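In case you want the letters, here they are:
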Amino acid sequence: MKLFREQRVPATASWGEAAGLRDQLDDTLDNLASALAGVASGGNDPQPLVHAFYMLDLTVSAWTQPHPRPRRNWARTVGLAVESLRDAGDLFVEALIAPTALAAQAAARLAQGAFDQAKERLDDLAEYRKYASFDDDVGVFIEQFMTSNRLESSSSSLTELDAALRERHGLSSGATSGAGVELDLYRPVVVLALDEDRVARIVPLIERTIRSERLRSLALHDVWAEEHGRVVALLSAMLVRTFTGIADRSELQTVSELLDMVLKLKEGHVKHLLATVLHVSDAGNYEALLSVSTGTVFKSAEAQFPELQLGTLNRTLRNAAGHSAFNVDESGVTVRENGTPRTFLVADFLNDVLEYLELSIILQVGLVRACAELGIEIPASRHLSNSDRRMAIRTFAAGIGWENIAVTDLAPVTRISAQGSSAVFARVGSALVNLLPQDAEMLHVELTDGERVRRCEADLARLRNSRLTEDVLTVPGALQMAHIAAAHQVDGTTASSPDEWSSFAHAIALDETATEIQRLRGLRQLRALAEECGVGGLLLRVVEVHQARLRKKLEHRGSEGPGNSFVRSEAKLPGTAFRSLHP
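Residues numbered from 1 in each chain as written. Predicted model: local features only at pLDDT ≥ 70, side-chain atom pairs only at ≥ 80, totals over all residues. Heavy atoms only, no water.

S.K.: Please explain the overall build of the protein as it appears in this structure.
M.R.: In terms of helices and strands, the protein carries 24 helices and nine strands. Counting all 583 residues of the protein, 49% fall into the buried class. Long-range pairs, those at least 24 residues apart, make up 69% of the contacts in the protein with a sequence separation of at least 6. Accessible area of the protein: about 27200 Å², with a carbon and sulfur share of 51%. (Helix = DSSP H or I, 4+ residues; strand = E, 2+ residues; numbered from the N terminus. Buried < 20%, exposed > 50% of the residue type's maximum accessible area, 1.4 Å probe, protein only. Contact = heavy atoms within 4.5 Å. Areas by Shrake-Rupley, 256 points an atom, 1.4 Å probe, with all protein chains shown as cover.)

Structure (C-alpha cells):
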C-alpha cells in the first residue's frame, strides 16, 4: 500500500471528456471494487488500485468543472456523487492499512459516511433525469416539477400553499402573501437550466441592496409600476413561446427565438431591473436610466456591482439578435459582428443565451424577495396573457396534489381536467378567481378521484361578490366563508364538510363583538344558505342550540346589548378553529 500512495498521481480532465468518462464509470467502479478486494485478501500489486483511482480522478475532474448550461447543475451533481464514491474508496484503503483495529474502524465509519453521501447525490440525479426536458410544453414541465416537489402536507387553499412555500424559500412569516408561489415558479427553471449555485450566491446580494425604503417609494411610482408590469408580462410570454413547440421548429427558427429572447431580456426586463437596483442604491435615477442606452445602464451596473459579472455576457449574440445576422449549419451557430463571422458550438451558444436568462431570473427573484420582506404588494400586470393564466392554474393545481392537469377553456366557462382528491375542491374556485378573465362565470373541473370521476363546479360570479374581507371568527366573516362554501359543489352537493358548516355557526354564535340580535340574524342567514345548498342534519341542530341559548339570554336580560357570556376563549365546541380554511 505504500507503493500505491507513492504511485498515485492526481489526474485532471476537461469537461469535454466527461461524457466518455461517464460511459466508462461502471467499469471504473467494478475495477475499484476488484482492486480493493485484492488488497483485502492480501494482494501486493498496487497497479489495479492506482489505475482505478486514476480513472476516478479523471471523472471527478471532468464533471465538477462548470459545464455549459442547461446541464450545469446535473453535471455538478454527477461529479460530486463520483467524488463521494472516490473518497469512500480512499477511506476504505486507509481502513485496510490502518496500524490498529480502532483506526481501521474509524476509517471504515468515515468510508460508510462517504458511501451514504454518494447515494444521496445519486438520488438527486434520478430527479434531474426525470425532469430533464420541457416535454415540448413548458406548462406540463412546470406542473411535473411542482407535483414532484410539492409539500408533504397538501394545501387546500392558495393562502396555505403560499405560506408553506414562503417558509420553504426562507422568507419571514410576515412576508407579503403571493411571494412563495411566485418564487416556486422560478425554481424549476433555475434547477434544470441555469447555474443554481450562482443564483443562490448572487440573489442575496440583490435582495440586501434593494431592501430599503427607496424601493418602497419607487414601487409607488406609476412609471415604475407600468414598466414592471409590461416587462414581466413580456418575459413570461417569451419564455412560453421560446420553450413550447420546440420539436416543431427548425434549428434556424429555434436560434431565431433564442436570439430574440436575448434582445428582449437585454432591452426590457434586465434593463428595467438594473435601473431599479441602481436607483435604490442611489447610483442613478430610474426614469433617467430608462431614457439612456442599454449599454450605458450595463456599464453603470457593472461598475457598481461586479459580482453580477455583466462583462462575461456574450455581446456578439446581443448584437446579432438586433440585426438578424446569424445562420445555422453543421459547424454550429454563426453570427456576424461588424461583418466578421464568428461560429459558436451549439453547447456554447445555448450556455451564453441562458446566461442572459439567468441574470434576468437573479434580478427578478431578488426583487420579489425584497418586496415580500418589505410588505410591498406589486399589482398583477394588466397584460396577463391566457398562457400565463393556464400556467398559473396548472401550478396551483399541482401544488395541491393534482396531476395530469389540462386547462381546455377559460371563458365563459373555465374547464379543467385532472387526477386527484376532490376533498380540497371546497376553496379552489376562490383561489383561482383572480387569475381568470372577468367574463369567466363558472369553473368546471372533471376530477378523477381514485376509481370515480367527480364533477366539481364553482360559481365564479358569486365568488367575486363573496370576497373574504372580515375576520373569519366574526359574524360577517363567517357568513362570507359560508357564501364561498356555497359557491363550490362536488357532484351536485356542497363541497364543504358538515364540520366546516358547523364551524361557521359556532363563529357566528360566539362572536363577542356582535350583539345577540346580530348573531341571531347571522344564524338565520346561515341556515337559509345551508338549506339552499341542501345542508342539514348536524348544522341545523348546532344552529338551533345556539339560537335557543341566545334567545334565552335575550329574554333574561330583557334588552339588546353586546353578548358576553359566549366568550370564544372558553368555547369547546368542535370546529371553531377554522381560520386556516379561508382561501
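Text resumes after the structure shown.
S.K.: Hey, could you run me through the pairing of strand S5 (residues 413-419) in this one?
M.R.: The side chains of a regular strand alternate, first on one face of the sheet and then on the other. Taken together, the four bridges between strand S4 (residues 403-409) and S5 define a ladder with antiparallel strand orientation. The partner of Ala406 across the bridge, within S5, is Ser417. Once S4 ends, the chain turns through three residues before running back antiparallel as S5. The pairing of S5 with strand S6 (residues 442-449) spans seven bridges and is parallel. Across the sheet, residue Ala418 finds its bridge partner in S6, namely Leu447. (Pairing = 2+ DSSP bridges.)

S.K.: Sorry if this is basic, but what is going on with the sheet that holds strand S8 (residues 488-490) here?
M.R.: In any sheet, the strands associate via hydrogen bonds between backbone groups, in a parallel or an antiparallel arrangement. The strand order S4-S5-S6-S7-S8-S9 describes an open sheet built from six strands, whose pairing is mixed. Edge strands, defined here as strands with exactly one partner in the open sheet, are S4 and strand S9 (493-494).

S.K.: Mind showing me how you'd approach the packing of helix H3 (residues 25-40) against helix H5 (residues 72-97) here?
M.R.: For any two helices packed against each other, one specifies the crossing angle of their axes together with the interaxial distance. The contact between H3 and H5 brings their axes to 10 Å, and the two run at 10°. Between H3 and H5, the interaxial angle falls into the category roughly parallel. Between H3 and H5, the contacting residues are Leu25, Leu29, Leu36, Val39 and Ala40 on the first element and Val82, Leu85, Gly89, Phe92, Val93 and Leu96 on the second. A per-class count over the contact of H3 with H5 returns ten nonpolar, one polar and no charged. (Axes fitted to C-alpha atoms, helices over the stretch in contact; angles between N-to-C directions. Parallel < 35°, antiparallel > 145°, perpendicular 65-115°, else oblique. Nonpolar A, V, L, I, M, F, W, Y, C, P; charged D, E, K, R; others polar.)

S.K.: Would you explain helix H21 (residues 475-486) in this entry?
M.R.: For an α-helix, the turn length of 3.6 residues means that residues three or four places apart are oriented alike. Its twelve residues give H21 an end-to-end C-alpha distance of 16 Å, which sits within 8% of 16 Å, the value for a rise of 1.5 Å per residue. Of all twelve residues in H21, ten are buried, a share of seventy percent or more. Those residues of H21 lying buried are Val475, Gly477, Ala478, Leu479, Gln480, Met481, Ala482, Ile484, Ala485 and Ala486. If you follow the buried residues of H21, they end up packed against helix H19 (428-432), helix H20 (460-464), S8, S9, helix H22 (498-509) and helix H23 (516-532). Between the side-chain oxygen of the N-cap and the backbone nitrogen of Gly477 there are 3.2 Å, and the N-cap of H21 in question is Thr474. (Expected span 1.5 Å × (residues − 1). Polar contact = N/O pair within 3.5 Å; in protein donor to acceptor, adjacent residues only side chain to side chain.)

S.K.: Help me understand a nonpolar patch on the surface, please; the structure alone is not making it clear to me.
M.R.: Taken together, the side chains of Phe92, Leu96 and Ile97 make up a nonpolar region of the molecular surface, amounting to roughly 210 Å² of accessible area. Mapped onto the fold, Leu96 is located in helix H5. A residue is classified by how much of its surface remains accessible, and Leu96, at 32% relative accessible area, is partly exposed. (Patch = residues over 30% accessible without salt bridge, like charges linked within 9 Å, V, L, I, M, F, W, Y side chains within 5 Å. Salt bridge = Lys/Arg side-chain N within 4 Å of Asp/Glu carboxyl O.)

S.K.: What should I look at first to understand the side chain of Thr316 in this one?
M.R.: With respect to the helices, strands and loops of the structure, Thr316 is situated in helix H16 (residues 315-323). For Thr316, a relative accessible area of 4% corresponds to the buried category. Polar contacts involving the side chain of Thr316 include one to the side chain of Arg342, which spans 3.1 Å.

S.K.: Would you explain the packing of aromatic side chains in this entry?
M.R.: For any pair of aromatic rings, the description rests on two quantities: the centre-to-centre distance and the angle between the ring planes. Under the definition given, this model contains two aromatic pairs. Geometrically, the ring pair formed by Trp63 and Trp74 is edge-to-face, given 5.4 Å between the ring centres and 75° between the ring planes. Taken together, the positions of Trp63 in helix H4 (residues 47-64) and Trp74 in helix H5 put the pair eleven residues apart, joining distant regions of the chain. You can call Trp74 buried: its relative accessible area is 11%. Their ring planes at 70° and their centres at 5.5 Å tell us that Trp501 and Phe504 sit as a pair that is edge-to-face. (Phe/Tyr/Trp six-rings, centres within 6.5 Å; stacked < 30°, edge-to-face > 60°.)

S.K.: Quick question: what am I supposed to make of H4 here?
M.R.: For H4, built from 18 residues, the straight-helix expectation of 26 Å at 1.5 Å per residue is met to within 8% by its first-to-last C-alpha distance of 26 Å. Of all 18 residues in H4, 13 are buried; the element is thus mostly enclosed.

S.K.: What is the right way to look at the sheet that holds strand S2 (residues 332-337) in this model?
M.R.: An order of S1-S2-S3 is seen for the three strands of this open sheet, with the pairing classed as antiparallel. Because the sheet does not close on itself, it has two edges, and the strands there are strand S1 (326-329) and strand S3 (340-344). When strand polarity is set aside, the average angle formed by the axes of neighbouring strands in this sheet is 25°. The pairing of S2 with S3 spans five bridges and is classified as antiparallel. If you follow Val333 over to S3, its bridge partner there is Phe344. Helix H13 (residues 251-280) rests against S1 and S2 of the sheet, and its axis sits at about 140° to S1.

S.K.: So what exactly am I meant to see when it comes to the packing of H21 against H23 here?
M.R.: Running from N to C, H21 and H23 cross one another at 5°; their axes reach a closest spacing of 10 Å. It follows that H21 is roughly parallel to H23 by the angle criterion. Facing Val475, Leu479, Ala482, His483 and Ala486 of H21, the residues of H23 in contact are Gln518, Arg519, Gly522, Gln525, Leu526 and Leu529. Of the residues belonging to the contact of H21 with H23, the class tally is six nonpolar, four polar and one charged.

S.K.: Which parts of the structure should I look at to understand the environment of Glu500?
M.R.: With respect to the secondary-structure elements, Glu500 resides in helix H22. It is 9.0 Å that separates the C-alpha atoms of Glu500 and Ala482, two residues lying 18 residues apart in sequence.

S.K.: What's the story with the environment of Thr448 in this structure? I'm lost.
M.R.: Note on placement: Thr448 falls in strand S6. Aside from chain neighbours lying at most four places away, what touches Thr448 is Ala418, Gln419, Gly420 and Val453.

S.K.: Help me understand the side chain of Glu227, please; the structure alone is not making it clear to me.
M.R.: As for its position among the elements, Glu227 is in helix H12 (residues 222-243). Taking the relative accessible area as the measure of exposure, Glu227 reaches 15% and is therefore buried. Beyond its immediate sequence surroundings of up to four residues, Glu227 is in contact with His272, Tyr286 and Leu290.

S.K.: Teacher, can you tell me more about the nonpolar core here?
M.R.: If you look at soluble globular proteins, the nonpolar side chains tend to sit buried side by side. Within the largest apolar cluster, 66 residues are counted, with the highest numbers of intra-cluster contacts made by Leu215, Leu274, Phe349 and Leu357. Residue contributions to this core peak at 16 residues, all from helix H17 (residues 346-374). Counting 31 residues, the second-largest nonpolar core is a separate cluster that includes Phe396, Leu436, Val445 and Leu460. (Core = buried A, V, L, I, M, F, W, Y, C linked by side-chain atoms within 4.5 Å.)

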